[in-house]
Amino acid sequence: MGTPSPWVMLVVATVLAGISAPCVAHGQPNFIVILADDVGWGDLGANWAETKETPHLDELAAEGMRFVDFHSAASTCSPSRASLLTGRLGARNGVTHNFAITSVGGLPLNEATLAQVLREAGYSTGAIGKWHLGHHGQYHPSFRGFDYYFGIPYSHDMGCTDTPGYNLPPCPPCPRHGAAARVVRKDCYTEVALPLFENITIIQQPVNLSSLAARYAEEAAQFIQRASDSGRPFFLYLALAHMHVPLGIPPQPPTPGRGIYGAALSEMDALVGQIKQVIDSHGKGRTLLWFAGDNGPWAQKCELAGHLGPFVGAWQRQRGGSSAKQTTWEGGHRVPALAYWPGHIPAKRTSHALLSTLDIFPTLVALAGAALPPNRRFDGLDVTPVLFGWSDVGHKVLLHPNSGAAGRAGEIEALRLAQYKVFYTTGGAMACDGSTGPAEHHQPPLIFNLDRDIPEQEPLAVASREYQAVLPAVSRAYTQALEDISTDNISVADYSKDPAVVPCCNAQHVACRCQAPGALLDHPMELRATRLCL
């Protein structure tokens, strides 16, 4: 026999690491982090009275804690997710913009993930849903601390399907053998189908989007059951496809009001309700459930985008472009967030603390009784006192990295200091009408007082007493933050591309199909012996 390949050895090492996890300390809680995609602050009824499609999320808010000043760590997919799983901004962890289907790299391997830290502390770890932090080789979630993975490697608009759903512009279904001509459309992926993974194996390509939400709920319930049977605490990272386009075709005709978007929002809400029901059935008070968004709505998708609530970025809108996803306006990064943990987190509590998805990492690590990884600095805080209702104090300063609309991706040119929102660079992403707002650099910076100006409509006059009083503190905070980052242990992500790394279960079939054209396979029939993504 020949020497086993390095990848085989890596798989074996990963399995053994799970088997040899240390004994569990008594009383470690279970954790579920549910991350919604492109959801608006106003998409929760608990936040915005006009929203009627979220009764289960509203129930979570009533039985737990609602955060009204909670922010994603970036305003676009990959950087936001990398920061959640490392507790560090992209300026530190190296992930400053999105990875592609041809990306060779991903979240740098020297960055410890939340799953790796918790697995070392005795946790069973699972990831279900969208990854978007590298799918090739060691960047795959199966090698980033997760014992189990089920989901798609990137956004579900980054591959064709046979059930393309609703998008603007609409995208065609995957091509089939014998098709007269392949339809090519701007912003649509037509050559390679979207794959569905179980661990490192593609089990369906193209994925059936119509059943994906149900599959996620089923896999989550099974993971929770397996972990409970093992007697180990568990960490489940559930990264939903909702509310990113394409939106699924609802089983029932959409009701009047928010139409297709409202129907998809109801589906997401029902999925979260199912997860809550499952964890409650295993004993209330054993599991902390934390729900948040990855960034604001994708405004260029028009009626298929979420609701900003009052965070409309009026100053930017007057100059063109969107003030939502990809921007550093409040609508780009202020997201809905809820925490539910009966017996620990007080019910019917609203927190006004300035918090972030960055805080999830250090908070869960502390609650697990584990230690933060050494030799690096963290942007997140342990916010256990806020969760338990002992305090309502969060960040004094919160940094907002450029996320695609203006400025160099990942650089820090906007921040919060108490109630003040500060911009050294502004710009608008593409809006529904196709407009964009050009980048503008501001020296001295624009400063808004969010206590009086939630819509970010009128910056403080530079000559005003308030501006002159706050500017020195802003300048000090900004200088100190940049210096802290520049002197840290900074990682660099590999953004090189190679078409050979695109996940493909059968390169001989059009669009990499691993099923008969026209078949919409579900798990009883799926092909389990398809190509490994290594």
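Residues numbered from 1 in each chain as written. Predicted model: local features only at pLDDT ≥ 70, side-chain atom pairs only at ≥ 80, totals over all residues. Heavy atoms only, no water.

The name given to the protein chain in an unreviewed UniProt entry is Arylsulfatase G, with the source organism recorded as Brachypteracias leptosomus. Annotation of the protein chain in UniProt includes, under Cofactor (unreviewed entry), the sentence "Ca(2+)". (UniProt positions renumbered as here; feature names shortened; annotations may be inferred.)

Summed over all chains, the structure comprises 24 salt bridges. Between Asp69 and Arg334 there is a salt bridge, with its nearest N and O atoms 3.3 Å apart. Of the two residues, Asp69 is situated in the loop between strand 2 (65–67) and strand 3 (70–71) and Arg334 in the loop between helix 9 (330–333) and strand 10 (337–340); the sequence distance between them amounts to 265 residues. The same class applies to Asp69 as to Arg334, namely buried. As a salt-bridge pair, Asp484 and Arg377 come within 3.3 Å of each other at their nearest N and O atoms. Here Asp484 is found in helix 12 (residues 465–486), whereas its partner Arg377 is found in the loop between helix 10 (360–367) and helix 11 (384–387), with 107 residues between them in sequence. The class of Asp484 is partly exposed, set by a relative accessible area of 29%. Each of Arg88, Arg92, Glu111, Arg377, Asp379, Asp484 and Asp488 takes part in one network of salt bridges that share partners. (Salt bridge = Lys/Arg side-chain N within 4 Å of Asp/Glu carboxyl O. Helix = DSSP H or I, 4+ residues; strand = E, 2+ residues; numbered from the N terminus. Buried < 20%, exposed > 50% of the residue type's maximum accessible area, 1.4 Å probe, protein only.)

The subject of this paragraph is helix 12. The first and last C-alpha atoms of helix 12 sit 33 Å apart over 22 residues, in line with the 32 Å expected at 1.5 Å per residue. The sharpest bend along helix 12 reaches about 30° and sits at Leu471, with the proline Pro472 one to four residues further on. Of the residues making up helix 12, those classed as buried are Tyr467, Val470, Leu471, Val474, Ala477, Tyr478, Ala481 and Ile485. Turning to helix 12, the residues buried within the fold contact helix 4 (90–93), strand 13 (397–401), strand 14 (412–417), strand 15 (420–428) and strand 16 (437–449). (Expected span 1.5 Å × (residues − 1). Bend = angle between axes of the 7 residues up to and from the residue. Contact = heavy atoms within 4.5 Å.)

Take the packing of aromatic side chains next. A complete count under the given rule lists 19 aromatic pairs for this structure. On the basis of an interplanar angle of 85° and a centroid distance of 6.0 Å, the ring pair of Phe223 and Phe234 is categorised as edge-to-face. Residue Phe223 is located in helix 6 (residues 212–230), and its partner Phe234 is located in strand 8 (residues 234–239); the two are separated by eleven residues in the primary sequence. Judged by centre distance (4.2 Å) and plane angle (15°), the rings of Tyr424 and Tyr478 are stacked. One end of the pair, Tyr424, is in strand 15; the other, Tyr478, is in helix 12, and 54 residues separate them in sequence. Each member of the pair, Tyr424 as well as Tyr478, carries the same accessibility label: buried. Here the aromatic cluster, defined as three or more aromatic residues joined through ring pairs, consists of Trp131, Phe146, Phe235 and Tyr237. (Phe/Tyr/Trp six-rings, centres within 6.5 Å; stacked < 30°, edge-to-face > 60°.)

With that settled, consider the state of the cysteines. Evaluated as defined, the whole model comprises four disulfides. At a sulfur-sulfur separation of 2.1 Å, the disulfide partner of Cys302 is Cys432. The sign of the 105° torsion about the S-S bond sets the Cys302-Cys432 disulfide as right-handed. One end of the pair, Cys302, is in the loop between strand 9 (287–293) and helix 8 (314–317); the other, Cys432, is in the loop between strand 15 and strand 16, with 130 residues separating them in the sequence. On the accessibility criterion, Cys302 (22% relative accessible area) is partly exposed. With a sulfur-sulfur separation of 2.0 Å, Cys504 is cross-linked through a disulfide to Cys512. Residues Cys504 and Cys512 are joined through a disulfide that is left-handed, its torsion about the S-S bond being -100°. (Disulfide = S-S within 2.5 Å.)

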